[in-house]
Amino acid sequence: MRPTWDSYFIELMQTIGKRATCDRGRSGCIIVKDKQIVTTGYVGSPPGLSHCDEVGHLMKKVVDDDGTERMHCMRTIHAEQNAICQAAKHGISLQDATLYCKMEPCRVCAMLIISCGIKRVVAEKRYHAAQESRDMFEKAGVILDVIEDEEEQY
């Protein structure tokens, strides 16, 4: 059976995520305009810096709004950030594009998505700390579609 466009791009995003260099997320991202892929990204360290898979994680304590403390790896750039950086590097406008990602974007990624003019985000799953992102997307007019109403575990 022929997949829908969203299913097609989600499947490709999953494949791109296999290149990720942090085993905590292995996330990928695809940004599409007019049903054409314009850029991709995956979780990994900036060029020239060590990757988690090589030297281990750079864990830091993060405190959620509800007071919950978690350890978060800070060595890598998120897949969404890498995809946006690739577009900037190559002079590609993301105005009115659609972004496909593994889980709802974090707050920082949401701000970048809004700032570069992306109009729709399709996430495979929920993210435990995405409420601020959801609120910002709503205020900015960015459509957020989540395929599976379950939280990504990592």
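Note that the coordinates shown come from a computational prediction; the quantities given were computed from them, not determined experimentally.

Some thoughts on the packing of aromatic side chains
Two aromatic rings are characterised by how far apart their centres lie and by the angle between their planes. Counting across every chain of the model gives four aromatic pairs. Centroid distance Trp 5 to Tyr 8: 5.8 Å. Interplanar angle 80°. Geometry classified as edge-to-face. Of the two residues, Trp 5 and Tyr 8 are both situated in helix H1 (residues 5-17); the distance of three residues between them amounts to about one turn of the helix. Taken together, the ring pairs connect Trp 5, Tyr 8, Phe 9 and Tyr 100 into an aromatic cluster.

With respect to the sheet that holds strand E7 (residues 143-146)
The strand order across the open sheet built from five strands is E2-E1-E5-E6-E7, with neighbouring strands paired in mixed fashion. Of all the strands in the sheet, the pair left with one neighbour each is strand E2 (36-42) and E7. If you compare each strand with its neighbour and ignore which way they point, the axes differ by 20° on average. In this structure, strand E6 (residues 120-125) lies alongside E7, joined through four bridges in parallel fashion. Looking at E7, one finds that Arg 120 is bridged to Ile 143. Strands strand E1 (28-33), E2 and strand E5 (98-103) of the sheet are contacted by helix H3 (residues 79-89), whose axis makes an angle of about 125° with E2.

Reading guide: rules and limits
- Residues numbered from 1 in each chain as written.
- Predicted model: local features only at pLDDT ≥ 70, side-chain atom pairs only at ≥ 80, totals over all residues.
- Heavy atoms only, no water.
- Phe/Tyr/Trp six-rings, centres within 6.5 Å; stacked < 30°, edge-to-face > 60°.
- Helix = DSSP H or I, 4+ residues; strand = E, 2+ residues; numbered from the N terminus.
- Pairing = 2+ DSSP bridges.
- Axes fitted to C-alpha atoms, helices over the stretch in contact; angles between N-to-C directions.
- Contact = heavy atoms within 4.5 Å.

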